[in-house]
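If you want the building blocks of each chain, they are given just below.
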Amino acid sequence: MKVDGSSFTDEVEPRTLLVHYLREQLGKTGTVIGCDTGNCGACTVHLDGRSVKSCSLLAVQADGHAVTTIEGLSTNGQLHPMQQAFHENHALQCGYCTPGMIMQSIDLIVDNPDPSDEDIRLGLEGNLCRCTGYQNIVKAVRAAAHQANARPADAQANTRPADAQPAGAQAVDARPADAPAAVGGVG
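Just so it is clear, the structure is predicted and the values come from calculations on it, not from any experiment.

Conventions used here
- Residues numbered from 1 in each chain as written.
- Predicted model: local features only at pLDDT ≥ 70, side-chain atom pairs only at ≥ 80, totals over all residues.
- Heavy atoms only, no water.
- Helix = DSSP H or I, 4+ residues; strand = E, 2+ residues; numbered from the N terminus.
- Buried < 20%, exposed > 50% of the residue type's maximum accessible area, 1.4 Å probe, protein only.
- Contact = heavy atoms within 4.5 Å.
- Areas by Shrake-Rupley, 256 points an atom, 1.4 Å probe, with all protein chains shown as cover.
- Core = buried A, V, L, I, M, F, W, Y, C linked by side-chain atoms within 4.5 Å.
- pLDDT = per-residue confidence, 0-100.
- Pairing = 2+ DSSP bridges.
- Phe/Tyr/Trp six-rings, centres within 6.5 Å; stacked < 30°, edge-to-face > 60°.
- Lys NZ or Arg CZ within 6 Å of the ring centre and 35° of its normal.
- Salt bridge = Lys/Arg side-chain N within 4 Å of Asp/Glu carboxyl O.

### Quick word on the overall build of the chain
Across its full length, the chain holds five helices and five strands. In the chain, the succession of helices and strands from N to C terminus is β-β-α-β-β-β-α-α-α-α. Looking at the 187 residues of the chain, the share that counts as buried comes to 44%. The long-range fraction of contacts in the chain, counting pairs at least 24 apart against all pairs at least 6 apart in sequence, stands at 61%. In the structure as shown, the chain presents an accessible area of about 8,900 Å², 49% of it carried by carbon and sulfur atoms.

Structure, rendered in structure tokens:
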């Protein structure tokens, strides 16, 4: 499978969950384990450009697919626009839910580039913030969507990495060349 743009070939037990493979075998600890039952969304990653809960997917099910983790979003030390929006809008408290929230938020604005606050809340309902910091998370997603919509059409965000585009999606790199660094999700 391809993870964050790099190819990996490993043998895993058939029962190994994707989240455990990412964390334990590849060292992608930015993908956190929350509830381990698919209820909290903290382990959300992209599989072929669509958000999935990696605690509900076997690693062997991801074989032959492209997986993007929170650590694969930034490029050359530059934050992804959604990571930057979370940073600028103080959309994290303890930060435990942040990687999953960011991954789900990217998926949300690709499907709905101009979401209302209600759309954002509905789109993130499978991701829980145990600090209940939802207001700033909604604000960050709205800011990222606004930023993406403000860019010229040829540079607008499909915010997924080019190697993780869903079938039929336009592969447009939305990452600004001058985006700052930080909400990288190592933990």
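Moving on from the coordinates now.
### Details of the nonpolar core
Grouped together as the largest cluster of nonpolar side chains are 22 residues, with contacts concentrated most on M82, F86, M101, I102, L124, I137 and V141. Going through the elements one at a time, α2 (81–88), α3 (98–111) and α5 (134–150) are the ones with two or more residues in this core. Ranked by size, the runner-up nonpolar core spans 12 residues in total, among them V3, V45, L47 and L57.

### A short note on the confidence of the model for the chain
Here the chain averages 86 in pLDDT, and 81% of its residues register 70 or above. Low pLDDT, under 50, characterises residues 165–182; the stretch is placed with 44 contacts to residues that sit more than four places away or in other chains.

### What to know about the environment of A62
Here A62 is to be found in the loop between β4 (50–53) and β5 (66–68). Residues A62 and L47 lie 15 residues apart in sequence; the distance between their C-alpha atoms is 7.4 Å. Sequence-distant contacts of A62, that is, excluding residues within four places in its chain, are made with M1, L18, L47 and V67.

### Some thoughts on the pairing of strand β3 (residues 44–47)
Burial along β3 is two-sided: the residues T44 and H46 and V45 and L47 are all buried. Strand direction decides the pairing type here: β3 and β4, joined by four bridges, are antiparallel. Each bridged residue has a counterpart across the sheet, and for V45 the counterpart in β4 is V52. Connecting β3 to the antiparallel partner β4 that follows it, the hairpin turn spans two residues, and D48 within it adopts a positive phi of roughly 50 degrees. Judged from the two bridges that link them, β3 and β5 form a sheet pairing that is antiparallel. Bridge pairing links H46 to T68 in β5.

### What about the packing of aromatic side chains?
Across all of its chains, the model carries zero aromatic pairs by this definition. One residue, R130, lies across the ring of Y96, its end atom 4.5 Å from the ring centre.

### Quick look at the pattern of salt bridges
Within the structure shown, the criterion is met by five salt bridges. With a closest N to O distance of 3.0 Å, D4 and K28 form a salt bridge. Here D4, found in the loop between β1 (2–3) and β2 (6–7), pairs with K28, found in the loop between α1 (18–25) and β3; they are 24 residues apart in sequence, far enough to count as distant. Its relative accessible area of 17% is what places K28 among the buried residues. Two residues, R50 and D107, come together in a salt bridge whose shortest N-O distance is 3.2 Å.

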